[in-house]
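Secondary and tertiary structure notes
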Amino acid sequence: MEGFRRRRIDLHNSILAIQCHLTLLFYVSLSQRKSLAIKERVVVQYQEIQAVLDEDLRITLSHLDMEERAAVTALDVLMERNTSLIQDIEQDLARVTVALGQKSQKMDAARFLPKPEDIQLKDRVMNVLNNSDPNTVTLDEAKSDLILELTSDMLSLLCSKTPLMKKFVDLYASEVTLDPDTAHPKLAISPMGDRVTYTDMWSELPDLPERFDSTLNVLSLQAFRLDRHYWEIDVTGKTYWELGVTYPSIPRKGTSEACWLGRGEESWCVEFFNGDYTAWHAGVPHQLPASERFCRIGILCSFPAGTVTFLDADTMIPLFCFCAGTFSDCLHLALCPGHDQNGINANPMVIMNNSPSHSASLS
């Protein structure tokens, strides 16, 4: 009897587990459908923008084409006038040539006196020459220059609005400074708290509970727990670095791998080492396909979505996105400049706090 009861309980628990799994699958499917719908709407709006630009281009070119056709027509008329005049002159020249070739002992001087039709031809020649100067047929250069200026202004406006994601992340740029009380003793923090440099010298500092004593990490003074936040870190010239976000519960003491960014459940990071980029969380590496050396790395942290996105801050191209679902604690920005590697990695990591945006709320 006891065995049947246990079997029944086991079956009930299995059913609950399956139902829970099906619920998760439903939410995954729902999220995918929502994401697909959003992407489809974005594509439609970009297509509408392209259609507006295509139509404006068509109208602008039609104006220029019509003006060009009018100028060509005017030049054709002048060409016809000149051609007709040349034909008349050739006919008159032929008449004069025939007259001169006649063998007559007695020259009739009156024969070569100007005739009324000759005078008319001369007047016609002067009139055509005066009115057939091709330089009088010109395009409206001032209009053309203005059109070029307006298209240049339109291009500048579009460039000022793109990349679109740059405008988005700037809305959530947050001021942040580094906390020297968390910095490893071999790290030097600038007076403004906006840069960290490896020094290869162990500073005699208080062994505070929050200070890292083995890994070359430093955390931000501010903790973030609401809304969205964006930071940019300058890593120009560096050959090794790690950066990301972490819960305050990340281990700080000893040589445990959990103290490294991204190696435990408490933190998420991207690492650059030996020319390779790797995204880390919970000790799981994700090799990134990027091959170029980035100068600035952006971090976008969204508490509503539970995501951490790393991107190339110069192009806004995303590098990797972690989805935690829901963050269970506040988050700190975390930096690791790495060893100087005999001077080739001596550059600091610099927080770019001068982004043109309003600061998001801090906890």
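From a predicted model like this one, the values you see are computed outputs, not experimental measurements. (Residues numbered from 1 in each chain as written. Predicted model: local features only at pLDDT ≥ 70, side-chain atom pairs only at ≥ 80, totals over all residues. Heavy atoms only, no water.)

1. Quick word on the sheet that holds strand β2 (residues 195-198)
For clarity, the cut-off: The pairing criterion for strands is at least two bridges between them, as found by DSSP. The way it works is that DSSP assigns letters per residue, a run of H or I at least four long becomes a helix, a run of E at least two long becomes a strand, and they are numbered from the N terminus. Angular values range over 0 to 180 degrees, each being the angle between N-to-C directions of two axes fitted as lines to C-alpha atoms, with helices fitted over their stretch in contact.
Pairing is antiparallel across the open sheet formed by 7 strands, whose spatial order is β1-β2-β13-β4-β9-β10-β11. In this open sheet, the two edge strands, each paired with only one partner strand, are β1 (187-189) and β11 (317-323). Across the sheet, the mean angle separating the axes of adjacent strands is 20° when strand polarity is ignored. Bridge analysis of strand β4 (residues 228-234) against strand β13 (residues 349-351) gives 2 bridges, and the strand direction is antiparallel. The residue of β13 that forms the bridge with I233 is I351.

2. A word on the sheet that holds strand β6 (residues 267-273)
The strand order β3-β12-β5-β6-β7-β8 describes an open sheet built from 6 strands, whose pairing is antiparallel. The open sheet has two edge strands, β3 (218-219) and β8 (284-287), and neither has a second partner. Sheet topology note: the strand β7 (residues 276-281)/β8 ladder contains 4 bridges and is antiparallel. The residue of β8 that forms the bridge with H281 is V284.

3. A closer look at a nonpolar patch on the surface
What counts, and what does not: Like-charged residues within 9 Å of one another, or nonpolar side chains (Val, Leu, Ile, Met, Phe, Trp, Tyr) within 5 Å, are grouped into patches, provided each residue has over 30% relative accessible area and no salt bridge. Only the protein chains shown count as covering a residue, and every accessible area follows the Shrake-Rupley method with a 1.4 Å probe. A side-chain nitrogen of Lys or Arg and a carboxyl oxygen of Asp or Glu constitute a salt bridge if their distance falls within 4 Å. The rule is simple: take the accessible area with a 1.4 Å probe, protein chains only, and divide by the maximum for that residue type; under 20% is buried, over 50% is exposed, in between is partly exposed.
Nonpolar side chains collect at one region of the surface, where I38, V42, Y46, I49 and L164 lie side by side and expose about 470 Å² of accessible area between them. The topology assignment puts Y46 in helix α1 (residues 2-101). Note on Y46: relative accessible area 44%, which makes it partly exposed.

4. Looking at a negative patch on the surface
Basically, it comes down to this: In summary, the charge assignment counts Lys and Arg as positive and Asp and Glu as negative, without counting His or the chain termini. To locate a charge, take NZ of a lysine, CZ of an arginine, CG of an aspartate or CD of a glutamate.
A cluster of acidic residues, D140, E141, D145, E149 and D153, forms a negative patch on the protein surface. Structurally, D140 can be placed in the loop between α2 (116-131) and α3 (141-161). Judged by relative accessible area, D140 falls into the partly exposed class, the value being 39%.

5. Observations concerning the packing of aromatic side chains
Here a ring pair, both rings aromatic, is described through the centre-centre distance and the interplanar angle of the planes. Heads up, the condition is: Note on ring pairs: Phe, Tyr and Trp rings are taken, using the six-membered ring of Trp, and paired if centres are within 6.5 Å. Classes follow the plane angle, with under 30 degrees stacked, over 60 edge-to-face and the rest tilted. Two thresholds decide whether a charge sits over a ring: the Lys NZ or Arg CZ must be within 6 Å of the ring centre and within 35 degrees of the ring normal.
Taken as a whole and assessed by the stated rule, the structure comprises 12 aromatic pairs. Seen in terms of ring centroids, F272 and Y277 are 4.5 Å apart; in terms of plane orientation they differ by 35°. Their pairing is tilted. Exposure remark for F272: the relative accessible area of 1% places this residue in the buried category. Residue Y277 is classed as buried on the basis of its relative accessible area of 1%. Taken together through their ring pairs, the aromatic side chains of W241, F272, Y277 and F294 make up a single cluster. Above the plane of the ring of W280 lies R263, whose end atom (NZ or CZ) is 3.9 Å from the centre.

That is the geometry; function is a separate question.
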